[in-house]
Amino acid sequence: MKVCIVGGTGNVGVFLGEELLRFGHQVASFSRRREMVPVRIRDTRVRLWFGNISDKEALREFFDGEKPDTVVLATAPERHCPEKYLPGHINVFELCKECGIPRLIVCSNHMGLDAPDGRPMMEAKPPHFEWFVNIQKVYGEEARYLKEKEMDTGLDWLLVCPGLQCVPFGGYTGVFRVQEDRIIVADPDNPDWNTSRISYEDYISFLYKEITEPKHSHQYLTVSY
Ligand SMILES: NC(=O)c1ccc[n+]([C@@H]2O[C@H](COP(=O)([O-])OP(=O)(O)OC[C@H]3O[C@@H](n4cnc5c(N)ncnc54)[C@H](OP(=O)(O)O)[C@@H]3O)[C@@H](O)[C@H]2O)c1
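Reading the values: rules and limits
- Residues numbered from 1 in each chain as written.
- Predicted model: local features only at pLDDT ≥ 70, side-chain atom pairs only at ≥ 80, totals over all residues.
- Buried ≥ 20, exposed ≤ 12 C-beta atoms within 10 Å, placed from the backbone.
- Helix = DSSP H or I, 4+ residues; strand = E, 2+ residues; numbered from the N terminus.
- Arc of directions from axis to C-beta.
- Axes fitted to C-alpha atoms, helices over the stretch in contact; angles between N-to-C directions.
- Parallel < 35°, antiparallel > 145°, perpendicular 65-115°, else oblique.
- Left-handed = near helix turned anticlockwise from the far one by under 90°.
- Contact = placed C-beta atoms within 7 Å.
- Nonpolar A, V, L, I, M, F, W, Y, C, P; charged D, E, K, R; others polar.
- Expected span 1.5 Å × (residues − 1).
- Near = placed C-beta within 6 Å.

A. Structural view of helix 3 (residues 56-66). Within helix 3, the full set of buried residues consists of Leu-59, Phe-62, Phe-63 and Glu-66. Buried residues in helix 3, looked at end-on, bunch into an arc of 90°, giving them a common side. Those residues of helix 3 that are exposed and angled more than 90 degrees off the buried face are Glu-57, Asp-64 and Gly-65. With its phi angle positive at about 45°, Lys-67 sits one or two positions after the end of helix 3.

Next up, the structure:
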């Protein structure tokens, strides 16, 4: 399969790209900074494109040039301009439809989920990382946008996020829970967010499966132990 990773030089993008190449798939990356490539991407098979997701024409060239089976959207909001995150992502949603791309997987964050008591994680107790509020509210906004505006448009989207503790080098176990809309913690009646946890390897393996053998669509899923 051919997979375009928007944000292919990021933590998730690099890990996922390596996994896809390992199993013989083709990978193309889109990101802004060329200078990050030698630091982040070691495999010369990754096809490299550069631009900003705010630039729809640059994205169109990327999608038209690659004609992927799946687009994975793995950018992150930036501290100084989190308000640019959703409009950039909406450009990707629109272009996936315009360019006839069969599937879109968005790498989201647990802060867009609901807490076990049904409140949004952003308002949940115990409070969590208050200083990130402006950045992290984009994830809930994006989930609402997809559910309200892209439910019936024909765009085959899936939002996926790992648990709060997504730890590199935790190893592949293949054993984790998948849940829709609500964070997974060990004890929902007395939640400790640090028990929301998964290794990068298991998170990436879930993304890989949803790319190569899609099972879910139009859902906001989280994966944790
Ligand atoms: N516990 C959790 O819920 C959890 C854990 C890990 C990751 N995540 C989520 O997964 C997503 C990806 O995280 P990450 O750690 O991989 O992020 P990251 O390391 O910051 O990587 C972001 C990638 O997107 C690119 N990018 C950023 N803004 C861009 C723009 N405007 N146009 C084009 N490319 C752009 C970056 O490259 P350039 O800067 O060169 O453009 C980079 O390749 C985030 O939303 C993050 O919250 C969630």
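Picking up after the structure, the text goes on.
B. Here's a closer look at the packing of helix 1 (residues 11-22) against helix 6 (residues 200-212). Two elements in contact, helix 1 and helix 6, have axes separated by 10 Å at closest approach and are oriented at 60°. One finds that helix 1 runs oblique with respect to helix 6. The interaxial crossing formed by helix 1 with helix 6 has right-handed handedness. Residues Phe-15, Leu-16, Glu-19 and Leu-20 of helix 1 form the contact with helix 6, whose participating residues are Tyr-200, Ile-204, Leu-207 and Tyr-208. Partitioned by chemical class, the residues of the contact of helix 1 with helix 6 number 7 nonpolar, no polar and 1 charged.

C. Examining helix 6 more closely. Over its 13 residues, helix 6 extends 18 Å from the first C-alpha to the last, a length consistent with the 18 Å expected when each residue adds 1.5 Å. For helix 6, the set of buried residues is Asp-202, Tyr-203, Ile-204, Leu-207, Glu-210 and Ile-211.

D. Local environment of the site of the ligand. Contacts to the ligand come from 25 residues, most closely from Gly-7, Gly-10, Ser-31, Arg-32 and Arg-33. Sorting elements by how many residues they give to the shell around the ligand places helix 1 first, with 3 residues. Looking at the shell around the ligand residue by residue, the class counts come to 10 nonpolar, 13 polar and 2 charged.

E. A look at unusual backbone geometry. Positive phi outside glycine occurs at Lys-67, with the angle close to 45°. Among the secondary structure elements, Lys-67 is positioned in the loop between helix 3 and strand 4 (70-73). Within the chain, His-218 stands out as a residue other than glycine whose phi angle is a positive 55°. Locating His-218 in the fold gives a position in the loop between helix 6 and strand 10 (220-224).

Structural measurements only, silent on function.
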